[in-house]
Amino acid sequence: MSTAPLAEIFSSLAGEGPHVGRRHIFLRLAGCDLGCDYCDTYTDPETPARIEREPGSGDFFSLPNPLETGEVLREIKGLEERAPGHVHLALTGGEPLLYPEFLLELLPLVRKLGLAVYLETAGIHHEALPPLLPDLDVVAADVKLPFHCGRAYWEESGKFLEICQKADVELVVKIIFGKKTPWAEVERALRLANEVAPEVEVTLQPIHGPDGRPELSGEELLRACIRASALHSRIRLIPQVHRLLSLP
Ligand code: SF4
């Protein structure tokens with residue numbers, strides 16, 4: 001059986017992107033090979049995994065890492081049975097695509113439970129994606145900006161979006177930006193999205209401050225959307241709703 005280090009499994013509402021507000025079971029994998037300066041979800045693969053006992057309770061117990069697919073499936077099944085109606089299993093991180101073997105084994109079993117699968121990813125590891133596509137329903141891929149991630153990933157992002165475009169999945173493209181982000185980088189990301197996936201709606205997601213609110217004002221965000229629309233016709237702005245609601 002394959003294993004992977006997990007940060008947590010819990011039930012909550014989708015807080016980002018166009019599926020916002022839907023009930024998800026979140027499977028947060030530990031570890032990431034990027035270092036975004038706004039990251040608030042990096043978790044150490046050595047730390048034990050936190051598993052929520054009752055959906056939405058915020059009451060967790062620990063399991064030692066790494067976990068086997070069978071153990072993870074049991075916890076997902078338990079959460080869905082105790083409070084049915086989750087729309088997706090949301091794979092998040094960290095970076096889930098660091099563990100392709102584990103996902104390849106787990107995802108077909110998850111779909112047998114009746115849950116659709118939603119992948120949240122930095123959109124860099126395109127080499128890991130193709131074998132997983134048959135068991136993914138939604139791929140939410142960031143286009144990472146060099147200002148925040150320390151280096152450029154334009155080529156990797158382009159390849160990643162291209163693979164998704166050709167596959168039978170719903171593609172969600174997300175650009176994360178804040179007060180200090182050079183607009184030229186947002187523009188380059190929009191051009192890339194427009195070139196590879198012109199029909200796909202691009203979600204602009206503002207960086208939130210320590211108070212949980214977006215760093216930019218509503219007026220500034222509206223102006224950003226107007227500028228962005230000149231480069232890509234399908235723009236949507238969605239803040240991190242889970243942070244506004246103080247949910248995990
Ligand atoms: S890709 Fe995600 S998990 Fe990794 S450093 Fe960036 S924000 Fe954090």
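In this report, we go over the structure that sits alongside the text.

Rules behind the numbers
- Residues numbered from 1 in each chain as written.
- Predicted model: local features only at pLDDT ≥ 70, side-chain atom pairs only at ≥ 80, totals over all residues.
- Heavy atoms only, no water.
- Phe/Tyr/Trp six-rings, centres within 6.5 Å; stacked < 30°, edge-to-face > 60°.
- Helix = DSSP H or I, 4+ residues; strand = E, 2+ residues; numbered from the N terminus.
- Buried < 20%, exposed > 50% of the residue type's maximum accessible area, 1.4 Å probe, protein only.
- Lys NZ or Arg CZ within 6 Å of the ring centre and 35° of its normal.
- Expected span 1.5 Å × (residues − 1).
- Arc of directions from axis to C-beta.
- Contact = heavy atoms within 4.5 Å.
- Axes fitted to C-alpha atoms, helices over the stretch in contact; angles between N-to-C directions.
- Left-handed = near helix turned anticlockwise from the far one by under 90°.
- Patch = residues over 30% accessible without salt bridge, like charges linked within 9 Å, V, L, I, M, F, W, Y side chains within 5 Å.
- Areas by Shrake-Rupley, 256 points an atom, 1.4 Å probe, with all protein chains shown as cover.
- Salt bridge = Lys/Arg side-chain N within 4 Å of Asp/Glu carboxyl O.
- Pairing = 2+ DSSP bridges.

### Remarks on the packing of aromatic side chains
- All told, the structure shown has two aromatic pairs when counted by the stated rule.
- With a centroid separation of 5.1 Å and an interplanar angle of 15 degrees, the aromatic rings of Phe10 and Phe26 are classed as stacked. Taken as a pair, Phe10 in strand 2 (residues 6-13) and Phe26 in strand 3 (residues 23-29) lie far apart in primary sequence, 16 residues in all.
- Note on Phe26: relative accessible area 8%, which makes it buried.
- Geometrically, the ring pair formed by Phe177 and Trp183 is edge-to-face, given 6.4 Å between the ring centres and 80 degrees between the ring planes.
- Trp183 sits in the buried class, given a relative accessible area of 15%.
- We note Arg50 situated over the ring of Phe60; from NZ or CZ to the ring centre the distance is 3.8 Å.

### A few points about unusual backbone geometry
- Of note, the amide linkage connecting Asn65 to Pro66 takes the cis form, showing an omega dihedral of -5 degrees.
- Looking at where Pro66 falls in the secondary structure, it is placed in the loop between strand 5 (60-63) and strand 6 (67-68).
- Gly93 connects to Gly94 through a cis peptide bond whose omega is 5 degrees.
- Turning to its location among the elements, Gly94 is positioned in the loop between strand 7 (88-92) and helix 2 (100-112).
- Its identity as a non-glycine residue notwithstanding, Ser246 has a phi of 55 degrees, on the positive side.
- By the element assignment, Ser246 lies in the segment after helix 7 (241-244).

### A look at helix 4 (residues 154-166)
- Look at helix 4: 19 Å from first C-alpha to last across 13 residues, which is about the 18 Å you get at 1.5 Å a residue.
- Every buried residue of helix 4 is listed here: Trp154, Ser157, Gly158, Phe160, Leu161 and Cys164. Buried residues along helix 4 cover an arc of 165 degrees about the axis, so they all sit on one side. Within helix 4, the exposed residues directed more than 90 degrees away from the buried face are Glu155 and Lys166.

### Concerning the environment of Phe147
- Turning to its location among the elements, Phe147 is positioned in helix 3 (residues 146-149).
- Sequence-wise, Phe147 and Thr41 are 106 residues apart; in three dimensions their C-alpha atoms are separated by 19 Å.
- In this structure, Phe147 is in contact with Asp37, Lys180, Thr181, Pro182 and Glu185, ignoring residues within four places of it in sequence.

### Re the packing of helix 1 (residues 69-82) against helix 2
- Between helix 1 and helix 2, the least distance of the axes is 10 Å, while the angle of their chain directions is 35 degrees. With respect to the hand of their crossing, helix 1 and helix 2 are arranged in right-handed fashion. Contacts from Thr69, Val72, Leu73 and Ile76 in helix 1 reach Phe102, Glu105, Leu106, Leu109 and Val110 in helix 2.

### Considerations on a nonpolar patch on the surface
- A surface patch of nonpolar side chains, amounting to about 250 Å² of accessible area, comprises Leu244, Leu245 and Leu247.
- Positionally, Leu247 belongs in the segment after helix 7.

### Let's talk about the sheet that holds strand 12 (residues 235-237)
- Taken in spatial order, the ten strands make up an open sheet running 5-4-2-3-7-8-9-10-11-12, and their pairing is mixed. Unpaired on one side and paired on the other, strand 5 and strand 12 mark the two borders of the sheet. Averaged over all pairs of adjacent strands, the angle between their axes in this sheet comes to 25 degrees, without regard to strand direction.
- The pairing of strand 4 (residues 49-52) with strand 5 spans four bridges and is classified as antiparallel. Along strand 5, the bridge assignment pairs Ala49 with Leu63.
- Relative to the sheet, helix 1 contacts strand 2, strand 3, strand 4, strand 5 and strand 7, its axis offset from that of strand 2 by approximately 15 degrees.

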